[in-house]
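Each chain, written out:
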Amino acid sequence: MRWQGRRESTNVDDRRGSGRGGLVVGGGIGTIVIALLVYFLGGDPSQVVNMQQQTGTEQGQLSPQQEAQQKEAASFTKVVLAETEDVWNKVFRDMGQQYQEPTLVMFTDAVQSACGQASAASGPFYCPADHQVYIDLSFYDELKNNLNAPGDMAMAYVIAHEVGHHVQNLLGVSQKVQSMRSRLSEAEYNKLSVKLELQADFYAGLWAHYMKGEADFIEAGDIEEALNAANAIGDDRLQQQSRGYVVPDAFTHGTSAQRMYWFKKGFESGDIRQGDTFNSAQ
């Protein structure tokens, strides 16, 4: 991706450093177990078996190299967010609607949102109550080193997916799914959750479709990086790696094949009307 020098979004709330000493799950996020069980699942860290919450963990000062990496990651995140703004403003205009741009919160270790407190171990997430996307930039290292999904486009896919949840919130999809929660069993609700997540994957692919017209942005191999990330974070793959077996009723985000399918469908079609995961046999 040729992202340097492009417009950076101003819809960013930089809270990095304010979360130091806050909630830490399982002693931090540097283990493959946490990465596999929680990252990208958008789940509650309290659900991870045998993990205990610890508070008061202080972080050391960043080295000059780490500071430079953080600065670059922050700039990259702002650029991708700006590109999602441009695309979704256009898509909503074409639908005769007005897009409300979300705020992206960058934090360190832990953060307080309108959806409650979360740690970095929760992974990037979207809070519909405050229309904000949350991300600890250290997640990019976990994505590359622990989930074997390196590359700028893999990171961009993560941001575009979370923005996809914001789109669902604006279109009323999230509210409909949430309203059914009390009437369904856990397994039944998980199936709806999978469809919600796969639609966010479709929207990420839809964003990439519009960006492919930017000849100086998406490069050869970028879409493969995004598909590799989608493959790496499928429920079946994560469960197999972390548990040694697969429990389909516990899926909340979809299999690797499903996630790749819907991202690719969004990318190839560029048509938001084809993203109805709730009524699709796929």
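Because the structure is predicted, anything quoted here is derived from the model rather than measured.

1. Brief notes about the confidence of the model for the protein chain
Okay, step 1: For the protein chain, the average pLDDT comes to 84, and 84% of its residues sit at 70 or higher.
Okay, step 2: Looking over the protein chain, one finds the lowest element-wise mean pLDDT in strand S2 (residues 24-25), namely 26, and the highest in strand S4 (residues 103-107), namely 97.
Okay, step 3: This model gives residues 20-59 a pLDDT under 50, and the stretch forms 89 contacts once residues within four places in sequence are excluded.

2. Describing the packing of helix H7 (residues 222-232) against helix H9 (residues 256-269)
Okay, step 1: Interaxial distance between H7 and H9 falls to 8 Å at its minimum, and their mutual angle equals 150 degrees. Overall, the two elements H7 and H9 adopt an arrangement that is roughly antiparallel. Two packed elements cross with a definite hand, and for H7 against H9 that hand is right-handed. Across the interface between the two elements, Ile223, Ala226, Leu227, Ala230 and Asn231 of H7 pack against Ser256, Arg259, Met260, Phe263, Lys264 and Phe267 of H9.
Okay, step 2: A per-class count over the contact of H7 with H9 returns seven nonpolar, two polar and two charged.

3. Re the pattern of salt bridges
Okay, step 1: Evaluation of the coordinates by the stated rule reveals nine salt bridges.
Okay, step 2: Arg16 serves as the salt-bridge partner of Asp14, at 2.6 Å between the closest nitrogen and oxygen.
Okay, step 3: A residue is classified by how much of its surface remains accessible, and Arg16, at 29% relative accessible area, is partly exposed.
Okay, step 4: The shortest N-O distance in the salt bridge between Arg273 and Asp271 comes to 3.0 Å.
Okay, step 5: On the accessibility criterion, Arg273 (71% relative accessible area) is exposed.
Okay, step 6: On the basis of relative accessibility, which here comes to 17%, the residue Asp271 falls in the buried class.
Okay, step 7: Because the salt bridges share partners, they merge into one network encompassing Arg7, Glu85 and Asp86.

4. A look at the state of the cysteines
Each disulfide is one covalent bond, formed between the sulfur atoms of two cysteines.
Okay, step 1: Going through the model one piece at a time under the given rule, you end up with one disulfide.
Okay, step 2: Between the sulfur of Cys115 and that of Cys127 lies a disulfide, 2.1 Å long from S to S. Here the S-S torsion is close to 95 degrees, and the disulfide linking Cys115 with Cys127 is therefore right-handed. Here Cys127 lies in strand S7 (residues 125-127) and Cys115 lies in the loop between strand S5 (110-113) and strand S6 (116-119), a separation of 12 residues in the sequence.
Okay, step 3: Among the residues examined, Cys127 registers a relative accessible area of 0% and is labelled buried.

5. Considering H7
Okay, step 1: Along H7, the residues that are buried comprise Asp222, Ile223, Ala226, Leu227, Ala229, Ala230 and Ala232.
Okay, step 2: Among the structural elements, helix H4 (152-170), helix H6 (186-211), helix H8 (235-243) and H9 are those in contact with the buried residues of H7.

6. Digging into the pairing of S4
Put simply, side chains in a regular strand alternate between the two faces of the sheet.
Okay, step 1: For S4, a buried count of four out of five residues is recorded, marking the element as mostly surrounded by other parts of the structure.
Okay, step 2: One ladder, built from four bridges, connects strand S1 (residues 12-15) with S4; its direction is parallel. The residue bridging Asp13 from the neighbouring strand is Val105, located in S4.
Okay, step 3: Of the pairings in the sheet, the one linking S4 to strand S8 (residues 132-136) comprises five bridges and is parallel in character. Directly across from Leu104, in S8, lies its bridge partner Val133.

Parameters at a glance
- Residues numbered from 1 in each chain as written.
- Predicted model: local features only at pLDDT ≥ 70, side-chain atom pairs only at ≥ 80, totals over all residues.
- Heavy atoms only, no water.
- pLDDT = per-residue confidence, 0-100.
- Helix = DSSP H or I, 4+ residues; strand = E, 2+ residues; numbered from the N terminus.
- Contact = heavy atoms within 4.5 Å.
- Axes fitted to C-alpha atoms, helices over the stretch in contact; angles between N-to-C directions.
- Parallel < 35°, antiparallel > 145°, perpendicular 65-115°, else oblique.
- Left-handed = near helix turned anticlockwise from the far one by under 90°.
- Nonpolar A, V, L, I, M, F, W, Y, C, P; charged D, E, K, R; others polar.
- Salt bridge = Lys/Arg side-chain N within 4 Å of Asp/Glu carboxyl O.
- Buried < 20%, exposed > 50% of the residue type's maximum accessible area, 1.4 Å probe, protein only.
- Disulfide = S-S within 2.5 Å.
- Pairing = 2+ DSSP bridges.

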